[in-house]
2 protein chains.
Amino acid sequence: MTSSPRVRMTPESRREQLLDLGVTLLATRSLDELSIEILAEEAGISRGLLYHYFGNKHDFHEAVVRRAAEDLVAITAPGGEGDLAARLTSSIDRYLGWVEANHEGYVSLVRAASGGNERLREIYESTRSALTDRIFDAAGAEGLASLGITDSPGVRLVVRGWAALVEEVVLSWVEDDRGVSREALVGSLTASLAALLGVAPS
Amino acid sequence: MTSSPRVRMTPESRREQLLDLGVTLLATRSLDELSIEILAEEAGISRGLLYHYFGNKHDFHEAVVRRAAEDLVAITAPGGEGDLAARLTSSIDRYLGWVEANHEGYVSLVRAASGGNERLREIYESTRSALTDRIFDAAGAEGLASLGITDSPGVRLVVRGWAALVEEVVLSWVEDDRGVSREALVGSLTASLAALLGVAPS
């Protein structure tokens with residue numbers, strides 16, 4: 001924190017701070033339960049001021065979800081060290097931790113995006129792309145090459161399917177782990193990408 | 001067809017016939033676009049009579065979606081012959097054909113189910129279970145055993161993830177095949193189950 005209570009915050013940093021609070025509130029609530037009223041109460045400021053910052057409820061939700069998505073992308077950014085499997089393991093482990101910590105909000109976002117809220121769908125799709133496109137960036141492509149894989153439409157299709165698999169398995173496991181350990185799960189999800197790439201359509 | 005125009009149909013078989021027409025209409029329409037008015041027009045009978053058969057619009061949608069789901073489960077039932085891969089290939093090929101033929105309605109069902117319509121969600125979930133539980137029935141278990149796999153929570157989790165992958169990949173391919181052939185796609189989806197089971201969490 002660079003600000004202190006004695007320094008007046010700019011409107012922009014105040015809005016950022018309120019967005020972060022919104023993300024924290026969303027973690028344990030569905031989108032339907034996240035209202036400007038609740039944010040006002042938690043932040044100790046008037047609803048009127050919040051409407052000034054965020055417009056209406058839809059704009060507020062969109063801004064909070066966008067911030068949460070940015071956090072997820074940042075948190076799961078693979079480190080520069082290790083081979084593909086090591087970087088993937090670390091990234092999946094952090095994704096899993098994020099879903100655990102933000103379960104309520106995440107489930108409601110997935111549902112809202114699938115259910116036809118076009119603005120949330122756009123954020124959801126672009127976030128998923130940001131998460132999976134890393135596999136094809138410079139470091140990722142090197143990792144793929146080490147598996148004998150080169151980028152192709154069939155490989156892209158498999159990666160898209162793998163992302164759906166990871167989402168489904170992680171949400172299912174967070175709801176009920178059925179005795180499967182976290183370590184075994186992360187190991188399996190990591191290995192599943194290479195296993196799937198080995199049978200990608202040509 | 002066992003009935004002829006000269007034989008008066010029972011109300012029950014008339015309702016069944018109307019449901020089949022509803023399924024046909026849903027194939028090229030979203031759920032939102034499938035109204036009792038359209039069904040009345042296509043069937044050449046009054047709206048009043050249809051409300052008599054189906055109650056309200058929600059009941060009508062539920063009945064049509066349930067019938068479409070039953071059709072999908074029946075169409076993709078694996079034959080009794082061949083090994084696991086051969087039966088799976090044939091089943092996936094028929095699933096793919098069904099999604100191609102019913103694309104509009106299927107996408108709208110997936111969205112409605114994900115988006116929080118609880119009755120459609122229940123049909124969607126039970127259909128997915130019916131499709132994947134086959135892998136663990138008598139013939140399926142024999143096939144799994146031939147791969148050295150025994151049923152476990154980790155294996156169930158992987159199969160659930162594989163189902164999400166198949167749905168995502170097939171919908172994506174039907175929208176744009178990106179030059180990937182149908183045969184290559186079906187082969188890859190079949191091989192992906194064994195590949196994933198090979199790295200299932202213990």
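Residues numbered from 1 in each chain as written. Chains lettered and ligands numbered in written order. Predicted model: local features only at pLDDT ≥ 70, side-chain atom pairs only at ≥ 80, totals over all residues. Heavy atoms only, no water.

Turning our attention to the UniProt feature "DNA-binding region" (unreviewed entry) in chain A. The residues that UniProt annotates with the feature "DNA-binding region" (unreviewed entry) are residues 35-54 of chain A. End C-alpha to end C-alpha, residues 35-54 of chain A measures 12 Å, and it is 80% helix and 0% strand. (UniProt positions renumbered as here; feature names shortened; annotations may be inferred. Helix = DSSP H or I, 4+ residues; strand = E, 2+ residues; numbered from the N terminus.)

All names here are of chain A. Scanning the model with the defined rule gives 32 salt bridges over all chains in all. Across the pair R66 and E122 runs a salt bridge, and its minimum N-O distance is 3.6 Å. Here E122 lies in helix α7 (residues 118-133) and R66 lies in helix α4 (residues 57-75), a separation of 56 residues in the sequence. Exposure remark for R66: the relative accessible area of 32% places this residue in the partly exposed category. A salt bridge links E125 to R121, with the shortest nitrogen-to-oxygen separation between them at 3.5 Å. Placement of the pair is E125 and R121 together in helix α7, with a separation of four residues, close to one helical turn. E125 sits in the partly exposed class, given a relative accessible area of 27%. Via salt bridges that share partners, D59, E62, R66, R119 and E122 belong to a single interconnected network. (Salt bridge = Lys/Arg side-chain N within 4 Å of Asp/Glu carboxyl O. Buried < 20%, exposed > 50% of the residue type's maximum accessible area, 1.4 Å probe, protein only.)

It is worth spelling out the relation of the copies chain B and chain A at this point. When chain B is fitted to chain A, the best match, at an RMSD of 0.0 Å, comes from turning it 180 degrees and sliding it 0.0 Å along the axis. The transformation relating the two chain copies, once decomposed into turn and shift, fits a two-fold axis. Measuring from the rotation axis to each C-alpha of chain B, the shortest distance belongs to G115(B), at 1.8 Å. (Least-squares fit on C-alpha atoms with pLDDT ≥ 70 in both.)

Before going further, it helps to spend a moment on the packing of aromatic side chains. Using the criterion set out here, one finds eight aromatic pairs over all chains in the structure. On the basis of an interplanar angle of 55 degrees and a centroid distance of 6.4 Å, the ring pair of Y53(B) and F54(B) is categorised as tilted. A residue is classified by how much of its surface remains accessible, and Y53(B), at 17% relative accessible area, is buried. Chaining the aromatic ring pairs together yields one cluster made of Y53(A), F54(A) and F60(A). Just above the ring of F136(A) sits the side chain of R156(A); from NZ or CZ to the centre is 3.7 Å. (Phe/Tyr/Trp six-rings, centres within 6.5 Å; stacked < 30°, edge-to-face > 60°. Lys NZ or Arg CZ within 6 Å of the ring centre and 35° of its normal.)

Turning next to unusual backbone geometry. Glycine aside, residues mostly have negative phi, and peptide bonds are mostly found in the trans state. All names here are of chain A. Phi angles above zero are rare outside glycine, and R178 is one such case at about 50 degrees. Here R178 shows up in the loop between α9 (153-175) and α10 (182-197). Residue class for R178 comes out partly exposed when judged on its relative accessible area of 35%.

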